[in-house]
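Residues per chain, in single letters:
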Amino acid sequence: MSQNGSPETDPQDAGDGAAWSIVSYLLSGLIFWGGAGWLLDHWLGTKIFLLVGLVLGAAASLYLIWLRYGRQ
Amino acid sequence: MNVASGGFQPPSSADFVFSPFIGQSAYLTKPIALIFLSVLVISVFFFVAARKAAIVPSRLQFAGESVYAFVRNGLGRDIIGQDFARFVPFLFTLFTFILVNNIFGIVPFLQFPAMSRFGFPLVLALLTFVVFHAAAIKKKGFGPYLKEIMFMPGIPKFVYVILTPLELMTFFITRPVTLAVRLFANMFAGHLLLLVFILGGDHLLHGVIGLKFISPFAFAVGIALTFFEFLVQVLQAYIFTLLTALYIAGALADEH
Amino acid sequence: MKGTLNLVGYGLSAIGPAIATGLIFAAYINGVARQPEARGVLQPIAFLGFALAEALALFGLVLAFVL
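In this text the structure is predicted, and so the values were computed from the model without any measurement.

### Section: the layout of surface pockets
Phase 1 of the analysis: Taken as a whole, the second largest pocket holds about 430 Å³ of empty space.
Phase 2 of the analysis: Around the second largest pocket, the lining is made up of 21 residues, and of these V23 and L27 of chain A, T178 of chain B together with L58 and L61 of chain C lie nearest the centre.
Phase 3 of the analysis: Taken together, the elements giving at least two residues each to the lining of the second largest pocket come down to α1 (15-44) of chain A, α6 (160-205) of chain B together with α1 (5-34) and α2 (39-66) of chain C.
Phase 4 of the analysis: For the lining of the second largest pocket, the element with the most residues is α6 of chain B, which contributes eight residues.
Phase 5 of the analysis: Here the lining of the second largest pocket is composed, by residue class, of 16 nonpolar, three polar and two charged.

### Thoughts on unusual backbone geometry
Residues and elements named next belong to chain B.
Phase 1 of the analysis: A positive phi angle is found at Q82, which is not glycine, with a value near 35°.
Phase 2 of the analysis: When you line up the elements, Q82 lands in the loop between α2 (59-80) and α3 (88-103).
Phase 3 of the analysis: Classification of Q82 as exposed rests on a relative accessible area of 61%.
Phase 4 of the analysis: The phi dihedral of F109 is positive, around 75°, even though this residue is not glycine.
Phase 5 of the analysis: By secondary structure assignment, the location of F109 is in the loop between α3 and α4 (119-140).

### A closer look at the interface of chain B and chain A
Phase 1 of the analysis: Contact with chain B, which involves 35 residues of that partner, is made by 29 residues of chain A.
Phase 2 of the analysis: Contact with chain A buries area across many residues of chain B, yet R77, M152 and L166 of chain B alone supply 19% of it, more than any other trio.
Phase 3 of the analysis: Our count for the chain B to chain A interface comes out at one salt bridge.
Phase 4 of the analysis: Its salt-bridge partner being R68 of chain A, residue E167 of chain B comes within 3.1 Å of it at the nearest N-O pair.
Phase 5 of the analysis: Across the contact surface, chain B and chain A share five residue pairs in polar contact (both at pLDDT 80 or more).
Phase 6 of the analysis: If you list the elements that add at least two residues to the side of chain B that touches chain A, you get α2, α5 (142-150), α6 and α8 (215-252) of chain B.

### Section: the pattern of salt bridges
Residue and element names in this part refer to chain B.
Phase 1 of the analysis: According to the stated counting rule, one finds four salt bridges over all chains in the structure shown.
Phase 2 of the analysis: Between D83 and R86 there is a salt bridge; the shortest N-O distance is 2.9 Å.
Phase 3 of the analysis: Classification of D83 by relative accessible area gives partly exposed; the value is 35%.
Phase 4 of the analysis: Accessibility expressed as a relative area gives 44% for R86, which makes it partly exposed.

### A closer look at the packing of α2 of chain B against α3 of chain B
Residue and element names in this part refer to chain B.
Phase 1 of the analysis: Contact geometry for α2 and α3: axes closest at 10 Å, N-to-C directions at 125°. Taken together, α2 and α3 sit at an angle that is classed as oblique. Handedness of the α2/α3 crossing: right-handed. On α3, the residues that touch V67, Y68, F70, V71, R72, L75, G76 and I80 of α2 are V88, L91, F92, F95 and T96.
Phase 2 of the analysis: Counted by class, the contact of α2 with α3 contains ten nonpolar, two polar and one charged residues.

### Things to note about the interface of chain C and chain A
Phase 1 of the analysis: Of the residues lining the interface, 16 residues belong to chain C; the matching set on chain A comes to 21 residues.
Phase 2 of the analysis: Around 1600 Å² of area is buried between chain C and chain A when both sides are counted, 84% of it from carbon and sulfur atoms.
Phase 3 of the analysis: The interface formed by chain C and chain A contains zero salt bridges.
Phase 4 of the analysis: Summed over the shared surface of chain C and chain A, the number is zero residue pairs in polar contact (both at pLDDT 80 or more).

### Focus: α4 of chain B
Residues and elements named next belong to chain B.
Phase 1 of the analysis: Look at α4: 32 Å from first C-alpha to last across 22 residues, which is about the 32 Å you get at 1.5 Å a residue.
Phase 2 of the analysis: Of the positions making up α4, those classed as buried are P121, L124, A125, T128, F129, F132, H133, A135, A136 and K140. The buried side chains of α4 occupy one side of the element, clustering within an arc of 160° when seen end-on. Among the exposed residues of α4, those oriented more than 90 degrees off its buried face are V123, V130 and K138.
Phase 3 of the analysis: Among the structural elements, α3, α5, α6 and α8 are those in contact with the buried residues of α4.
Phase 4 of the analysis: G141, located one to two residues past α4, shows a positive phi value of around 90°.

Cut-offs and rules
- Residues numbered from 1 in each chain as written.
- Chains lettered and ligands numbered in written order.
- Predicted model: local features only at pLDDT ≥ 70, side-chain atom pairs only at ≥ 80, totals over all residues.
- Heavy atoms only, no water.
- 1 Å grid on protein atoms, 1.4 Å probe; cavity = no way out; pocket = protein on both sides within 12 Å on 5 of 7 lines; lining within 4 Å.
- Points joined across faces, edges and corners; volume = space filled by probe spheres on them.
- Helix = DSSP H or I, 4+ residues; strand = E, 2+ residues; numbered from the N terminus.
- Nonpolar A, V, L, I, M, F, W, Y, C, P; charged D, E, K, R; others polar.
- Buried < 20%, exposed > 50% of the residue type's maximum accessible area, 1.4 Å probe, protein only.
- Contact = heavy atoms within 4.5 Å.
- Buried area = accessible area lost by both parts, 1.4 Å probe.
- Salt bridge = Lys/Arg side-chain N within 4 Å of Asp/Glu carboxyl O.
- Polar contact = N/O pair within 3.5 Å; in protein donor to acceptor, adjacent residues only side chain to side chain.
- Axes fitted to C-alpha atoms, helices over the stretch in contact; angles between N-to-C directions.
- Parallel < 35°, antiparallel > 145°, perpendicular 65-115°, else oblique.
- Left-handed = near helix turned anticlockwise from the far one by under 90°.
- Expected span 1.5 Å × (residues − 1).
- Arc of directions from axis to C-beta.

So this is what it looks like as structure tokens:
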């Protein structure tokens, strides 16, 4: 037990935190771009932008997650 | 559908609002009293456990030391790595504070987890928020840290328009909010669940003769759920501290 | 009793992602248990699958509120 932490555990090992961060990213994506779509709908009186925003947000989050955790 | 008068009143969020002990002061309520009691319990326990520190530990000292070692090694050293020592007091305080307050939810006569009032977990999450951002800013400087959050290397430029808001929102809004909501929701739902079965069992007991026979089953499920609730309470205290440690680790890590 | 059917719909729609998440991590744990050195390869795949399943659950949650 060295004072400087055990060398075999790599704190950057994606596994421990990935599941939690993934949920955060997905929520951010859906809320931000879905919210933007909702506001646009509200403003223009349409109904389509909310769905567009949600799909865009989900796609963006998944892409971001792939960049963070999936890329080798 | 409105229940007839004298019918069963299902527990609701109104059961989480307490009237003050004396007068009208909003600060003299049960949750606040429990928070102070938890501080007292933790202080006395660790003070007594550490007072007669010996090479061959007493049982109390051993209990205190194993909680400390669990947080220091399992959450501090293994996750933060290298520079973990200065965060151990924070993690340890967070863990014991949440743990004791959660367990108050099933201690007879206290029986209320203070963390099921949203204000308390929110403050803890904001503390975590300040600590991990401050650690990162101190290590990397404000500009480079913000740049690291906002711009992932190796993607085409126009994609930043879509991804940068998400990164900012994740780091500055979603993380603290989900941290607080997870603890709050678990404690709130757990307490409500226990109320449903115990109050329901009580109501059945006072019902007509046929219903009295069902009442023991409601109580039995209530007792079983109390043990399940204990598991959830310990787990949530652990997860809150674990996530704090993970965020700190992420803040200190060098981007590769 | 009052409320909206949206929440019932959300409850039903959460079943699918819940089972999916269980299956994904069951398979991941199985794989790592049989072949620990494959962990590095399996981990990103497992988490991406999890993200995809979770995205659908969150879709349900958001739509239950806004529709």
